Amino acid sequence: MIMTVEMMNSGASWVLPILIFLVFVYANIKKVNIFENFVEGAKDGLLMAARLLPYLIGIYVAVGIFRESGAIDILVNLLSPILSLVKAPAEVLFLSIVRSLSGPAALGMMLEIFDTHGPDSFIGRLASTLIGSTDTTFYIIAVYFGSVGVRKTRYSIPVGLFADFVSFLASVYIVRKMFK
Amino acid sequence: MNQIFAFLILSGILVASINGRVDVVVSSAISSAEAAVERAISLIAVVSLWLGIARVAEKAGLIGAMSRAIAPFFRWLFPSIPEGHPALGCILMNLSANMLGFGNAATPFGLKAMQELQSLNEQPDTASEAMCTFLAVNTSSVTLVPATLVALRASAGSRNPSEIVGAVLFATTCSTMAAIAGDYVMRMANKKFVKR
């Protein structure tokens, strides 16, 4: 079965409406108090945005200074052999490194890219795909193993980083292919 | 993260001074901080909306339904877990919550899964094979509905916020397969070298 880009695009805009519809129908059948739970969950959203704020300020300021000073141009020149090999902008390379360390920081960086380049730019789409297809590898491994007192993590970190790397390459490939 | 943060700011200030544009440092820092606060306020809207819907789905038992659906696919990944052990249930709940994009709901199941796996572990200070497999799949991020991402794109003014869903599915499938393959290769290689 081969899905065309058009099919995927038009299908994708259906995903959320259908999901929300199914969730509400299912919740109704199960006699869950929809409105009360919605409000309860929305309260978590308020807390989450508040928790994210300090991270956002830190990342926005650091990236802002780095970009406006011209330091990013120097970095891009230095990295240009690698970047032209994988055909990815420098910001996204940075994003993929930050992603494996801190979720809020990576989210902040992605939003900064949206604000600067627009969510529908090549780099905006690439950043979205990268954030959607990876997770905070180092953080999860540290928290999960730490919670049960496992110190020797064996091959977990190399395997996790390998998957992140594959995700990076796959994201660059598919975004180039899907959006021309 | 600490080092990256310091690097961005320090190199920015250095380069700005060398280029004779020191004034840029303070002005860009302030305008960036303001942009961050504006962004955070618009975030409250989308994140609250989505977490509200996610909570309804969670209470309705959608995560449980999902985990029954994926059980046959994940059973074979964990040959060292005995049939019917609670560890597998926790792992499935964690992966289901992640697949549906309920990151917050996933963590408690994940930590419970680690406790259950630890009870099967012969060397408590060393990761067991099942733990490594679980974390390989978990950190590679198995996403079916990147809902928070779509909501964030919408709040940033995207014309078609969900257009990246297909790309995310492709990339996440590639990375999860890579994680499973990588984990398998490492597990087999370790078995060969460490014969107990």
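A brief report on the enclosed structure follows. (Residues numbered from 1 in each chain as written. Chains lettered and ligands numbered in written order. Predicted model: local features only at pLDDT ≥ 70, side-chain atom pairs only at ≥ 80, totals over all residues.)

**Section: the overall build of chain A**
To be explicit about the condition: In DSSP terms, a helix is any run of H or I states spanning at least four residues, a strand is any run of E spanning at least two, and both are numbered starting from the N terminus. Neighbour counting defines burial: a residue surrounded by 20 or more other C-beta atoms within 10 Å of its own C-beta is buried, one with 12 or fewer is exposed, and intermediate counts give partly exposed, using backbone-placed C-beta atoms. We call two residues in contact if the C-beta atoms placed from their backbones are at most 7 Å apart.
Of the regular secondary structure elements, chain A holds eight helices and zero strands. The linear arrangement of helices and strands in chain A, starting from the amino end, is α-α-α-α-α-α-α-α. With the C-alpha coordinates of chain A rotated into their principal frame, the extents come out at 60 × 50 × 35 Å. For chain A, the proportion of its 180 residues judged to be buried stands at 47%. Of the contacts formed within chain A by residues at least 6 apart in sequence, a portion of 66% connects residues at least 24 apart.

**Section: the packing of helix 2 (residues 34-68) of chain A against helix 5 (residues 103-117) of chain A**
Residues and elements named next belong to chain A. Which entries qualify depends on this criterion: Fitting a line to C-alpha atoms yields each axis, with helices limited to the stretch in contact; the angle taken between N-to-C directions then spans 0 to 180 degrees. For this classification, under 35 degrees means roughly parallel, over 145 means roughly antiparallel, 65 to 115 means roughly perpendicular, and everything else is oblique. By definition, turning the near helix anticlockwise from the far helix through less than a right angle yields a left-handed crossing, and turning it clockwise yields a right-handed one. Think of it as three bins: nonpolar holds Ala, Val, Leu, Ile, Met, Phe, Trp, Tyr, Cys and Pro, charged holds Asp, Glu, Lys and Arg, and polar takes everything else, Gly as well.
As a packed pair, helix 2 and helix 5 sit with axes 8 Å apart at the nearest point and diverge in direction by 55°. Classed by the angle they form, the pair helix 2 and helix 5 counts as oblique. Note that helix 2 runs across helix 5; the crossing there is right-handed. Facing helix 2, whose interface residues are L52, Y55, L56, I59, Y60 and V63, helix 5 presents P104, A105, L107, G108, M109, L111 and E112. Here the contact of helix 2 with helix 5 is composed, by residue class, of 11 nonpolar, one polar and one charged.

**Regarding the interface of chain A and chain B**
The parts lose accessible area when they come together, and the size of an interface is often stated as this lost area. With 87 residues of chain A in contact, the opposing surface of chain B contributes 88 residues. Going through the elements one at a time, helix 1 (5-29), helix 2, helix 3 (71-86), helix 5, helix 6 (122-133), helix 7 (137-148) and helix 8 (156-178) of chain A are the ones with two or more residues in the side of chain A that touches chain B. Counting residues per element, the side of chain A that touches chain B draws most heavily on helix 2 of chain A, which supplies 25 residues. The residue inventory of the side of chain A that touches chain B, partitioned by class, reads 52 nonpolar, 23 polar and 12 charged.

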